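Descriptive structure summary
Listed below, chain by chain, are the residues.
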Amino acid sequence: MAIPTPHLEMKSTEEVAKTVLMPGDPLRAKFIAETFLENPQQINQVRNVFGYTGTYKGRKISVIASGMGMPSIGIYSYELYQFYGVENIIRIGSCGSYAPEVKLYDVILADSAWSESSFAHTQTGYDKDTLDASPLVNERLATYAEELGIPLHRGAIHSADVFYRNDGFDFNTAYEEHGCLAVEMEAFALFSTAQVTGKQAACILTVSDNLITHEQTTSEERQSAFTNMMKIALEMAE
Ligand code: HPA
């Protein structure tokens, strides 16, 4: 396949940095580009999945939204890795906390994603339910967080296919049996896609709602208040 790909309109690999930050929400991509990047250029608007390239502290980086869910992030990450020369994708998303020690606005660095999803099995025949983030990228992210003085929780997360479940699922099972600190809906597919293309992926999450206490943030807060996680990921610029 040639570029542009079916879902992205950049005409040259030069338009995209080697490292892409990937929020789910296109407006969060816009916010990050406008708030943190020097000379941001919009590189994609197909389906309103906004993408930008600019520099951060003089180093090149791109921010491109993934949309919600594993099929969507699977499409964007595959096209970026396989056709646009992207090496690292850092998902920066929100999550619901399963763990009493993980509070609203806390930041999680995912070491692995556990999922009941068929995504990886369908993509590659993979027959297990856990996929790891790239350890070298995670070490870099953990170092940046420490330098910035931002505390991190590290551990497994749950990548779910269904937001509105009606099957009696008890999240304590995911917490107790699989060690999942929180739930989101994309990391497992991103990690599978990185693996099949031989590239690197990581996932940093900010807690937007707590499934134990039922505290929630507003969508405005979700868009703009997650700056700690963004600052950690932006240090990946090179
Ligand atoms: N479930 C799935 N994904 C999420 C949630 C949730 O409760 N909160 C933020 N992302």
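The preceding data block contains the structure.
Thresholds applied
- Residues numbered from 1 in each chain as written.
- Predicted model: local features only at pLDDT ≥ 70, side-chain atom pairs only at ≥ 80, totals over all residues.
- Heavy atoms only, no water.
- Axes fitted to C-alpha atoms, helices over the stretch in contact; angles between N-to-C directions.
- Helix = DSSP H or I, 4+ residues; strand = E, 2+ residues; numbered from the N terminus.
- Parallel < 35°, antiparallel > 145°, perpendicular 65-115°, else oblique.
- Left-handed = near helix turned anticlockwise from the far one by under 90°.
- Contact = heavy atoms within 4.5 Å.
- Nonpolar A, V, L, I, M, F, W, Y, C, P; charged D, E, K, R; others polar.
- Salt bridge = Lys/Arg side-chain N within 4 Å of Asp/Glu carboxyl O.
- Buried < 20%, exposed > 50% of the residue type's maximum accessible area, 1.4 Å probe, protein only.
- Core = buried A, V, L, I, M, F, W, Y, C linked by side-chain atoms within 4.5 Å.

**Notes on the packing of helix 1 (residues 26-36) against helix 8 (residues 227-234)**
Look at helix 1 against helix 8: their axes get within 12 Å of each other, and the N-to-C directions meet at 70 degrees. Judged by the angle between their axes, helix 1 and helix 8 are roughly perpendicular. Crossing handedness for the pair helix 1 and helix 8: right-handed. Residues Arg28, Phe31, Ile32 and Phe36 of helix 1 touch helix 8, and the partners they reach there are Thr227, Met230, Lys231 and Leu234. Residues that form the contact of helix 1 with helix 8 fall into these classes: five nonpolar, one polar and two charged.

**Regarding the pattern of salt bridges**
Once their charged atoms are close, side chains differing in charge can pair, the charge on each being opposite to the other. Tallied over the entire structure, the rule returns ten salt bridges. Glu34 is the partner of Lys30 in a salt bridge, and the nearest nitrogen-oxygen pair spans 3.3 Å. Here Lys30 and its partner Glu34 are both found in helix 1, four residues apart, which amounts to about one turn of the helix. Judged by its relative accessible area of 32%, Lys30 falls in the partly exposed class. Given a relative accessible area of 54%, Glu34 falls into the exposed group. A salt bridge links Lys199 to Glu87, with the nearest nitrogen and oxygen atoms 3.5 Å apart. Here Lys199 is found in the loop between helix 6 (187-197) and strand 10 (200-210), whereas its partner Glu87 is found in the loop between helix 2 (70-83) and strand 5 (88-97), with 112 residues between them in sequence. Judged by its relative accessible area of 16%, Lys199 is buried. Among the ionic contacts, a cluster of salt bridges with common partners joins Lys57, Arg59 and Glu235.

**Topic: the nonpolar core**
Ranked by size, the top nonpolar core spans 75 residues in total, and within it Leu80, Ile90, Leu141 and Ile204 carry the most contacts. Residues in contact with Ile204, not counting those within four places in the same chain, are Ile90, Arg91, Ile92, Gly93, Val107, Ile108, Leu109, Leu141, Met229, Ile232 and Ala233. Of all hydrophobic cores here, the second largest spans eight residues; its members include Tyr98, Ala156, Ala160 and Phe171.

Keep in mind these values describe shape, not function.
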